Amino acid sequence: SKLRGRDENIDTQLKLAADLAEAKHPGCRIVEYADPDASAEDESVYRADYERLKSDLLTGAVTQVVTSDQDRLTRRPDELERLITVFRTAGVPGFWGDRDGWPSLVAGQSAGARYKGVGAKEYVEGIKVKVNEKLDALAEAGRPGPGRAFGYRHGRDDKHNSRLDGEPVEAEAIRWAARSVLAGRTL
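Residues numbered from 1 in each chain as written. Predicted model: local features only at pLDDT ≥ 70, side-chain atom pairs only at ≥ 80, totals over all residues. Heavy atoms only, no water.

### Points about the overall build of the protein
Selection rule: Numbered from the N terminus, helices here are DSSP runs of H or I no shorter than four residues, and strands are runs of E no shorter than two. Restricting the calculation to C-alpha atoms gives the radius of gyration, and the globule rule supplies 2.2 Å times the number of residues raised to the power 0.38. Per-residue accessibility, obtained with a 1.4 Å probe over protein chains only, is compared with the maximum for each type, and a residue is labelled buried under 20%, exposed over 50%, and partly exposed between these values. By the convention used here, residues are in contact when the closest approach between their heavy atoms is within 4.5 Å. To be clear on the numbers: accessible area is Shrake-Rupley with a 1.4 Å probe, and residue cover counts the displayed protein chains and nothing else. Only four residue types enter the tally: Lys and Arg on the positive side, Asp and Glu on the negative side, with His and both chain ends excluded. Every charge is mapped to an atom, namely NZ of Lys, CZ of Arg, CG of Asp or CD of Glu.
Scanning the protein for helices and strands turns up five helices and four strands. Counting from the amino terminus, helix and strand elements in the protein follow one another as α-α-β-α-β-α-β-β-α. Relative to the compact-globule value of 16 Å for 187 residues, the protein shows a C-alpha radius of gyration of 23 Å, a clear excess of over 25%. C-alpha atoms of the protein, sized along the principal axes, occupy 65 × 40 × 30 Å. Every one of the 187 residues in the protein was classed for burial, and the buried ones make up 30%. Long-range contacts, defined here as pairs at least 24 residues apart, represent 45% of the contacts in the protein between residues at least 6 apart. Counting only carbon and sulfur atoms, one obtains 54% of the accessible surface of the protein, whose full area is about 12,000 Å². Taking the average location of the 30 positive side-chain charges in the protein and that of its 32 negative ones, the two points are 2 Å from each other.

### Looking at the environment of Asp-71
We count it as follows: Whenever two N or O atoms come within 3.5 Å, that pair is a polar contact, provided that in protein one can donate a hydrogen and the other can accept it, and provided that, for residues adjacent in sequence, both atoms are side-chain atoms.
Tracing the backbone through its elements, the reader meets Asp-71 in the loop between strand E1 (66-67) and helix H3 (77-90). A relative accessible area of 12% means that Asp-71 is categorised as buried. Each residue touching Asp-71, except ones within four places of it in the same chain, is listed here: Ala-40 and Ala-120. At 3.2 Å, the side chain of Asp-71 and the side chain of Arg-72 are in polar contact.

### Some points on the packing of aromatic side chains
Given two aromatic rings, their pairing is described by the distance between the two centres and the angle made by the two planes. Going by this rule: Any two of the Phe, Tyr and Trp rings considered here, Trp counted by its six-membered ring, make a pair once their centres fall within 6.5 Å; the pair's planes then place it as stacked at under 30 degrees, edge-to-face at over 60, or tilted in between. Think of it as a cone above the ring: NZ of Lys or CZ of Arg counts as a charge over the ring if it is within 6 Å of the ring centre and within 35 degrees of the ring normal.
For the structure on display, the rule yields zero aromatic pairs. The ring of Tyr-50 has Arg-47 lying over it, and the distance from NZ or CZ to the ring centre is 3.9 Å.

### As for the pattern of salt bridges
What counts, and what does not: Within this document, salt bridges are pairs made up of a side-chain nitrogen of Lys or Arg and a carboxyl oxygen of Asp or Glu, the two lying within 4 Å of each other.
By the definition in use, this model includes 18 salt bridges. Between Asp-71 and Arg-72 there is a salt bridge; the shortest N-O distance is 3.2 Å. On the basis of relative accessibility, which here comes to 23%, the residue Arg-72 falls in the partly exposed class. A salt bridge links Arg-75 to Asp-71, with the shortest nitrogen-to-oxygen separation between them at 3.3 Å. Where salt bridges share partners, they join Glu-51, Lys-54, Arg-76, Asp-78, Glu-79 and Arg-82 into one cluster.

### Brief notes about the packing of helix H2 (residues 48-59) against H3
Rule in force here: Here the axes come from fitting lines to C-alpha atoms, over the contacting stretch only for helices, and the angles between their N-to-C directions go from 0 to 180 degrees. Roughly parallel means an angle under 35 degrees; roughly antiparallel, over 145; roughly perpendicular, 65 to 115; everything else is oblique. Polar here means any residue outside two lists: the nonpolar Ala, Val, Leu, Ile, Met, Phe, Trp, Tyr, Cys and Pro, and the charged Asp, Glu, Lys and Arg; Gly therefore counts as polar.
At a minimum axis separation of 8 Å, H2 and H3 run at an interaxial angle of 30°. When the interaxial angle is binned, H2 and H3 end up roughly parallel. Across the interface between the two elements, Tyr-50, Lys-54, Leu-57 and Leu-58 from H2 touch Glu-79, Leu-83, Val-86, Phe-87, Thr-89 and Ala-90 from H3. Taken together, the residues of the contact of H2 with H3 break down into seven nonpolar, one polar and two charged.

### A few points about the environment of Trp-96
Summarising the element assignment, Trp-96 is placed in strand E2 (residues 96-97). Between the alpha carbons of Trp-96 and Ala-17 there is a distance of 8.5 Å; along the sequence they are 79 residues apart. Once residues lying within four places of it in the same chain are set aside, the contact partners of Trp-96 are Leu-20, Lys-24, His-25, Val-65, Val-66, Thr-67, Gly-101 and Trp-102.

### Points about helix H4 (residues 111-140)
What counts is decided by this rule: One less than the number of residues in a helix, times 1.5 Å, gives the span that helix is expected to have.
A rise of 1.5 Å per residue sets the reference length of H4, with its 30 residues, at 44 Å; its end C-alpha atoms lie 43 Å apart and thus fit the reference within 8%. Taken together, the buried positions of H4 are Ala-113, Gly-117, Ala-120, Val-124 and Leu-138. Where H4 is buried, its residues touch H3.

### Here we look at the pairing of strand E3 (residues 152-156)
The two faces of a sheet get side chains in turn, since along a regular strand they alternate between them. Rules: Whether two strands pair depends on DSSP finding at least two bridges between them.
Bridge count for E3 against strand E4 (residues 162-166) is five bridges, and the pairing is antiparallel. Opposite Gly-155, over in E4, you have Arg-163 as the bridge partner. Linking two consecutive strands that pair antiparallel, namely E3 and E4, is a turn of five residues; a positive phi of about 70° is found at His-160 within it.

### So, the packing of H3 against H4
As a reminder, the rule being used: By convention, the crossing between two helices is left-handed when the near helix turns anticlockwise from the far helix through less than a right angle, and right-handed when the turn is clockwise.
Relative to each other, H3 and H4 sit at 150°, their axes nearing to 9 Å. Considering the angle they form, H3 stands roughly antiparallel to H4. Pair H3 / H4 crosses with right-handed handedness. Residues Pro-77, Leu-80, Glu-81, Ile-84 and Arg-88 of H3 pack against Ala-113, Arg-114, Gly-117, Val-118 and Lys-121 of H4.

### Comments concerning the environment of Pro-103
The residue Pro-103 is located in the loop between E2 and H4 in this model. Separated by 19 residues in the primary sequence, Pro-103 and Glu-122 have C-alpha atoms spaced 19 Å apart. When sequence neighbours within four positions are dropped, the list of residues in contact with Pro-103 reads Gln-70, Pro-93, Gly-94, Phe-95, Gly-97 and Ala-113.

Worth remembering: the numbers are spatial, not functional.
Set out below in structure tokens:
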């Protein structure tokens, strides 16, 4: 998950999973796998701990998997199929999810996990469309997007529309840097 100050971030998800693991398997040894800021949806992102989890399943170092939600593992149906193969090869019949209950990955019983995997992919694609539509509408109206650029802060005009106002201390730092580079200093 992106760490953006939401109520549920990666630390919350790890706690949910650890609490569930302790409830389902009291006294068990818990190994955490987390790839902060590495999207389970983006196929170009390498998630080192996710790959380590799959390897540990195949070597028998991990015999149970608990997660806050199935889509914390992957949000891509093609990757879910590879993960199902890993679980089946390792002899692990499924995993406990805080919200999912017990998604079975056993042959002939994995339709629920697959439906959820397709739904997660559709959800992400829908959010991307909505976000891009909102950003386009802001740009068309000449209003700033949600991010904060160094040297600026978000403000409101008299109609309560968002606008960017200069941040004096940061703006001076930008001017100093520009003067320095123009005077021959290195970046």
